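One letter stands for each residue in the lines below.
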Amino acid sequence: MNGLPPLSSRTMGRISAARLASTLGQWHVGGPRGGGHALADALAGRIRDGRLPPGTRLPSERELAAALGVSRTMIGAALGRLRDAGLVASRQGSGSWTAVPPGGRPPDAGLPDGGEPINLTRASPGAADGLLPAFEAARRALREALRDETYDDLGIAPLRERIAARYTVRGVPTAPSQIMITNGAHHGFALALRLLAGPGDRVLVEEPGYPHAFDAVTAARGHLVPVPVDPFAASGWDIDGIAATLRQTSPRLAYLMVDFHNPTGRRMGAGDRERLGAVLAATRTHAVVDESAVDLSLGGGDPGGDGDGPGSAPPPLAAFAPRWTITVGSPAKTHWGGLRIGWVRASEELIGRLGEIRASLDLGSPLFEQLWLSGLLGDPGPALEPRRRELRARRDALVAAVRAECPDWSFRTPDGGVNLWCRLPEPIGPRLAAAARQYGVLLTPGDRFGVRDGLERWLRLPFTQPPDRLREAVRRIAAARAGLATR
Ligand SMILES: Cc1ncc(COP(=O)(O)O)c(C=O)c1O
C-alpha cells in the first residue's frame, strides 16, 4: 500500500475536472496520437512537482474525458501508466487519487523545525509605506461619496483622471473616458479575452510567461501560441519571429509584458516597441499589454539591458499602436496586492465594449478601494522610491546568495520587476521544487511558466521577501539540490 492516503472522502482533497484540465494546459500539443502517454507524462510532472499533492482525489474517468475532450479509453490508459509508476492509486468503487512519488516523502509544507515554510511561489511584496495614511484619507473621502445616489460602473472620476494623466505624462495622451477600473490587472486581461477571443481562437503569449494568463486562455478554451522571450540575448524579443507568427497563425489576441516581463525581468527597448507596434497595426491584432511591473525599474541590472533606470523608460507600447493595445495596470506590486484593484486603458470604443461585456459578470469595483487607490496615486512618491530601494536590496541579496550557494546556475540580473529567472545545469526544476518542500521552501518550477513541457531547467525565484529570508531560502534550496544528487 505504498503511500496510499487514508480512504476517507472527508480527509481527501479533490480537484475538479475543469481545474485539472486548466492545470494540464496544452498537454496534447503533439496531437491526439499517443495521447495516453502524453497525458500520463503531463499528470506525472504535476504530481512530482507538488501541483497535484499526494492524496488528491481525481475526477471520474467520465468527467476527465469530458473536460479534456478525449475518450475514456485514453484516460484509462493514462491512469494505468500512472498506477504502474506508483503515482496514482485506485480502488474499485472509490475512484483514483494521487500517491506519494516513489522515493519521496510526502511534501511537507512546514520547516523541519516546525515553523512556517518560506513561500517563494508568490511574487507579491507586502504592503508599501504610505498605505495606512492613504486609508485614513479614503475614510474621510468616503463621507462625501456616500451622498451619491449611485455608482459609476467604469470607476470613479477622480481615479480615472489620475490614471489617465499618468499615461499622458508617459507619452500616450489619454482621456479619463479611456480608463476602466477593474479588480486587478488580471481581471482586465480576463475581460479583454472574453471580449476578443472565443473558444478555439488562438492567443499569442510569451514563453516563459505568466501562468495565470495561460490558465485564463485555456479556461476560455483558447489555444496558446507561444513566442520565446530570451533571458540572455541582447534583445529579449524576436520581433521578426513575432511578426511571422502573427501573420501565419492570425491570433485574435496577444498578451505581452514588455515592461519587466514575468519571469525574465526583461524590458523591451524603444526600437523594438516601434517595430512591434507597426506589426500589430499591420496584422490588425489586439494586444493586451500587462504593465503590472512598469513602475518597478530598479537599475543596476546586467549589461545588455534594454531600457535601464527610472529616467530612461521607453514610451508605453500603446504609444506605437494606440488603436490595437489594451493596457492593464495594477498597484499590486508597487503598493499592495490585497487592494485587489487595477485598471484598463484602451480606446474609448473598446472601453465601452469592455464595459458592456463586464456587465454580465459584475457591475464595477468597490468604491472604498477606488478612493484608497486614488489617494495613493495622487502622490505616488512616498511609496514608490522606498519600494524600489527595498526591491533593489532584495534582488542584490538574492543574486549574491545564488552566486554563492549555486555557482553553476546562470541568470541575467534584471533591471526591474520582482523575479530572478535561473537556468539550472540539469532539467531538475520540478524535482527540485518537490524536494525543496521537504526543506521548508515552496517553489514554482520553471515549467509552470511554459506553455508546454520543456522549461524543466528553469526556476523562478521572486525577490519579494526580506534579504535574510531569501538567503535562508537559497541555503535550503542548495541543500535540497545536494540531496537530489545523492539519490
Ligand atoms: C504579470 C502579472 N500580471 C498580473 C498579475 C496580477 O495582477 P493583479 O493582482 O492586479 O490582478 C501579476 C501578479 O503576480 C503578474 O505577475
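What you are looking at is a predicted structure, and each value in this text was computed from that prediction instead of being measured.

Attention now goes to the packing of helix α5 (residues 131-145) against helix α13 (residues 367-378). It is the contact of α5 with α13, at a shortest axis distance of 8 Å, that shows an interaxial angle of 125°. Here α5 is positioned oblique relative to α13, judged by the angle of their axes. In this structure, the crossing between α5 and α13 has a hand that is right-handed. Taken together, the residues of α13 that come into contact with α5 (itself represented by L131, A134, F135, A138, R139, A141, L142 and A145) are L367, F368, L371, W372 and L376. Residues of the contact of α5 with α13, tallied by class, amount to 12 nonpolar, no polar and one charged.

Take the packing of aromatic side chains next. Following the criterion strictly, the structure yields seven aromatic pairs and no others. Relative to W372, the ring of F135 lies with its centre 5.1 Å away and its plane at 75°, an arrangement referred to as edge-to-face. Taken together, the positions of F135 in helix α5 and W372 in helix α13 put the pair 237 residues apart, joining distant regions of the chain. Take W372: its relative accessible area is 9%, and that puts it in the buried class. Note on W421 and F449: the rings are 5.7 Å apart at their centroids and 70° apart in plane angle, and the pair reads as edge-to-face. You can see W421 sitting in strand β13 (residues 419-423) and its partner F449 sitting in the loop between β15 (444-445) and β16 (458-462), a full 28 residues away along the chain. Both residues of the pair, W421 and F449, belong to the buried class. Three or more aromatic residues joined by ring pairs make a cluster, and in this case those are F232, W421, F449 and W458. It is R345 that lies over the ring of Y167; its NZ or CZ is 5.8 Å from the centre.

What follows concerns the site of the ligand. By nearness alone, 13 residues border the ligand, and A185, D290, S330, K333 and R340 come closest of all. Here an oxygen atom of the ligand and a side-chain polar atom of N262 are 3.0 Å apart. Within the side chain of S330, one N or O atom sits 2.6 Å away from an oxygen atom of the ligand. Comparing atom positions with the cavity grids shows the ligand to sit within the largest pocket. Those elements that place two or more of their residues in the shell around the ligand are α7 (185-196) and α11 (332-336). Among the residues forming the shell around the ligand, the class breakdown is five nonpolar, five polar and three charged.

What follows concerns empty space enclosed by the protein. Taken as a whole and assessed by the stated rule, the structure comprises one cavity of 30 Å³ or more. In this model, the largest cavity occupies a volume close to 30 Å³. P231, F232, T264, F411, R412 and W421 together form the lining of the largest cavity. Residues belonging to the lining of the largest cavity are distributed by class as follows: four nonpolar, one polar and one charged. Looking at which domains feed residues into the lining of the largest cavity, each of domain 2 (118-123 + 383-485) and domain 3 (131-380) gives three or more.

In terms of residue burial, helix α15 (residues 429-438) counts as a mostly covered element, since nine of its 10 residues are buried. For α15, the full list of buried residues reads G429, P430, L432, A433, A434, A435, A436, R437 and Q438. Immediately downstream of α15, the backbone of G440 shows phi near 80°, a positive value.

Moving on to the pairing of strand β4 (residues 95-98). Where strand β3 (residues 88-91) lies against β4, four bridges are found, and the strand directions are antiparallel. When the sheet's bridge partners are listed, V88 is paired in β4 with T98. Turn length for the β3-β4 hairpin, with the two strands adjacent in sequence and antiparallel, is three residues, and the turn residue G93 shows positive phi of about 85°.

Attention now moves to the layout of surface pockets. In this model, the largest pocket occupies a volume close to 1100 Å³. Taken together, 47 residues form the lining of the largest pocket, with T121, R122, A123, Y210 and H212 sitting closest to its centre. Every element with two or more residues in the lining of the largest pocket is listed here: α7, α8 (211-219), α11, α15 and β15. In the lining of the largest pocket, the residues fall into 21 nonpolar, 16 polar and 10 charged.

Calculation rules
- Residues numbered from 1 in each chain as written.
- Predicted model: local features only at pLDDT ≥ 70, side-chain atom pairs only at ≥ 80, totals over all residues.
- Heavy atoms only, no water.
- Axes fitted to C-alpha atoms, helices over the stretch in contact; angles between N-to-C directions.
- Helix = DSSP H or I, 4+ residues; strand = E, 2+ residues; numbered from the N terminus.
- Parallel < 35°, antiparallel > 145°, perpendicular 65-115°, else oblique.
- Left-handed = near helix turned anticlockwise from the far one by under 90°.
- Contact = heavy atoms within 4.5 Å.
- Nonpolar A, V, L, I, M, F, W, Y, C, P; charged D, E, K, R; others polar.
- Phe/Tyr/Trp six-rings, centres within 6.5 Å; stacked < 30°, edge-to-face > 60°.
- Buried < 20%, exposed > 50% of the residue type's maximum accessible area, 1.4 Å probe, protein only.
- Lys NZ or Arg CZ within 6 Å of the ring centre and 35° of its normal.
- Near = heavy atom within 4 Å.
- Polar contact = N/O pair within 3.5 Å; in protein donor to acceptor, adjacent residues only side chain to side chain.
- 1 Å grid on protein atoms, 1.4 Å probe; cavity = no way out; pocket = protein on both sides within 12 Å on 5 of 7 lines; lining within 4 Å.
- Sits in = over half its atoms within 2 Å of the grid points.
- Points joined across faces, edges and corners; volume = space filled by probe spheres on them.
- Domains from an automatic or database assignment.
- Pairing = 2+ DSSP bridges.

Keep in mind these values describe shape, not function.
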